[in-house]
Amino acid sequence: MRSITVVGASLAGLSTVRALRAEGYDGEIVVVGEERHTPYDRPPLSKDFLKGDLDADALALGDADEYEDLDVQWLLGERAVRLDSLARTVALAGGRHVRTDGVVVATGASPRTLPGADGLAGVHTLRTLDDAKALRAELLDGRPRVVVIGAGFIGAEVASTARRLGLHVTVVEALDVPLERQLGRRMGLVCSSLHKDHGVRLLCGTGVAELIGEGRVTGVRLAGGLVLPADVVVVGVGVRPATDWLAGSGVQVDDGVVCDAGCSTSVPGVVAVGDVARCPNPFTGRHTRIEHWSNATEQARTAARTLLTGVSAPAPLTAPYFWSDQYQVRIQLAGHVTPDAEPEVVEGDVDSRSFTAVYRREGIPVAVLSLNQPKFFNRLRRTLVPTATAAVS
């Protein structure tokens, strides 16, 4: 290959560039990024950056010296709108066509929104640096009433940050138990109780009927009719993979880009990495999109080898892992929690919010959850091994 185009100036995209060079590739690399920023770290956006403790420069994943060594052509502020697999070109919104021999799809995902949110000031999603800047300006401006819709990890982190800023925070969650799908019912209740511990109102088992306001949001009407006054609303109801630009390309898309274990897609010379890639996973037993920081870096090495050799490289047998910082509590989870997996606290105790639990299915450990016990967690996480043969579809 003489040229490779990475679509997505993200952690996954940058990690793939690094991996390509580490594998000895010395051809042209073009990185297309819809944002005008070089790659930056996203996890602090809902925490230290949002609180005002970090500036944008501190989020940078690389520096000028590294980028010079990597010898990358950056096309930032450019959105990919079409992939022509036959002509081997990536079309950009501005009319430019990038000719390429290989393509890395690293476009990630975009946040889902609510009907009526468009054009209504004070309503935010949080995915990009610009999103975080806009939300931070409002939170630091002293707008006291914050409603967070969605008690997933991003919503919980935003609620935690807003509460630490001294704001009045209400979290609305459609599920009866927040995080039940990720942690199971028992541990979902434990982690969601952190809201109550810190004076945040948590309303579960209810949906949002509408956002209220003319020009600017003033409230949230719930499905049961209750109206929550709001100066700022943050919508954290999940994401959808950014795959629209691949329509008609021949790349198979189904809740992300469908890949084999080596990140190879249905089109030769096209691989996918990061949040957008749906690969077979031996820990889940099915094709899965893993929206974790660690996955983006590990998967990039596999994708680079696959792209350069034309043969699907073996993926590392690493358990899915993520962390979340809420109310000065570090939550860490490794592995995959199935509905029939039972957690057992093996260190610490739940009431102190400092413990480690091992999930077992048929006696086999399949996941580890820890609150404020990183050393013990890291030791146990290394004991997890794949327990399922990943399905083809």
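Residue numbers restart at each chain and count upward from 1, following the sequence in its written direction. Local features are withheld for residues below a pLDDT of 70 in this predicted model, meaning they are given only at 70 or higher, and side-chain atom pairs are given and counted only at 80 or more; totals for whole chains, interfaces and linings count all residues. As a rule here, side-chain values cover all heavy atoms of the structure and leave hydrogens and water aside.

All right, on to the UniProt feature "domain: FAD/NAD(P)-binding" (unreviewed entry) in the chain then. UniProt positions are given in the numbering used here, feature names are shortened, and annotations may be inferred rather than shown by experiment. Per the UniProt record, "domain: FAD/NAD(P)-binding" (unreviewed entry) is annotated on residues 3–300. Helix and strand assignments follow DSSP, with helices taken as H or I runs no shorter than four residues and strands as E runs no shorter than two, numbered in order from the N terminus. With 24% helix and 30% strand, the stretch residues 3–300 has end C-alpha atoms that lie 17 Å from each other.

Our focus in this paragraph is the domain arrangement of the chain. Domains are outlined according to an automatic or database domain assignment. If you check the domain split of the chain, you get domain 1 (3–110 + 239–309), domain 2 (113–235) and domain 3 (328–387). The C-alpha centroid of domain 3 is placed 31 Å from the C-alpha centroid of domain 1. It only takes one pair of heavy atoms within 4.5 Å for two residues to be counted as in contact. Counting from both sides, the interface comprises four residues of domain 1 and, opposite them, five residues of domain 3. When the buried area of domain 1 at its contact with domain 3 is split by residue, Pro282, Phe283 and Thr284 rank highest and sum to 85% of it. Salt bridges are defined by distance alone: a side-chain nitrogen of Lys or Arg within 4 Å of a carboxyl oxygen of Asp or Glu. At the boundary of domain 1 and domain 3, one finds zero salt bridges. In protein, a polar contact means a hydrogen-donor-capable atom and an acceptor-capable atom, both N or O and within 3.5 Å, with residues adjacent in sequence counting only if both atoms are side-chain atoms; elsewhere, any N or O pair within 3.5 Å suffices. Here domain 1 is connected to domain 3 by zero residue pairs in polar contact (both at pLDDT 80 or more). Summed over both partners, the accessible area (1.4 Å probe) lost when two parts come together is defined as the buried area.

A cluster of acidic side chains, namely Glu28, Asp63, Asp65, Glu68, Asp69 and Asp71, defines a negative patch on the protein surface. Positionally, Asp69 belongs in helix 3 (residues 64–70). Each residue gets one of three labels from its accessible area relative to the maximum for its type: buried under 20%, exposed over 50%, partly exposed in between, using a 1.4 Å probe on protein chains only. Classification of Asp69 as exposed rests on a relative accessible area of 66%. Patch construction takes residues with relative accessible area above 30% that form no salt bridge. Like charges are linked within 9 Å, and nonpolar side chains (Val, Leu, Ile, Met, Phe, Trp, Tyr) are linked within 5 Å. With residues, only the protein chains shown are counted as cover, and all accessible areas are computed by Shrake-Rupley using a 1.4 Å probe. A positive count includes Lys and Arg, and a negative count includes Asp and Glu. His and the chain ends are not counted in either. Where a charge lies is defined by one atom per residue type, namely NZ (Lys), CZ (Arg), CG (Asp) and CD (Glu).

Attention now goes to the sheet that holds strand 18 (residues 257–258). Pairing between strands is defined by DSSP: at least two bridges between them are needed. Read across the sheet, three strands follow the order 18-20-21 without closing on themselves; strand pairing throughout is mixed. This sheet does not close on itself; its edge strands, each paired only once, are strand 18 and strand 21 (286–289). As judged from the four bridges shared by strand 20 (residues 277–281) and strand 21, these two strands associate in the antiparallel manner. From the neighbouring strand, Pro280 faces strand 21, where its bridge partner is His287.

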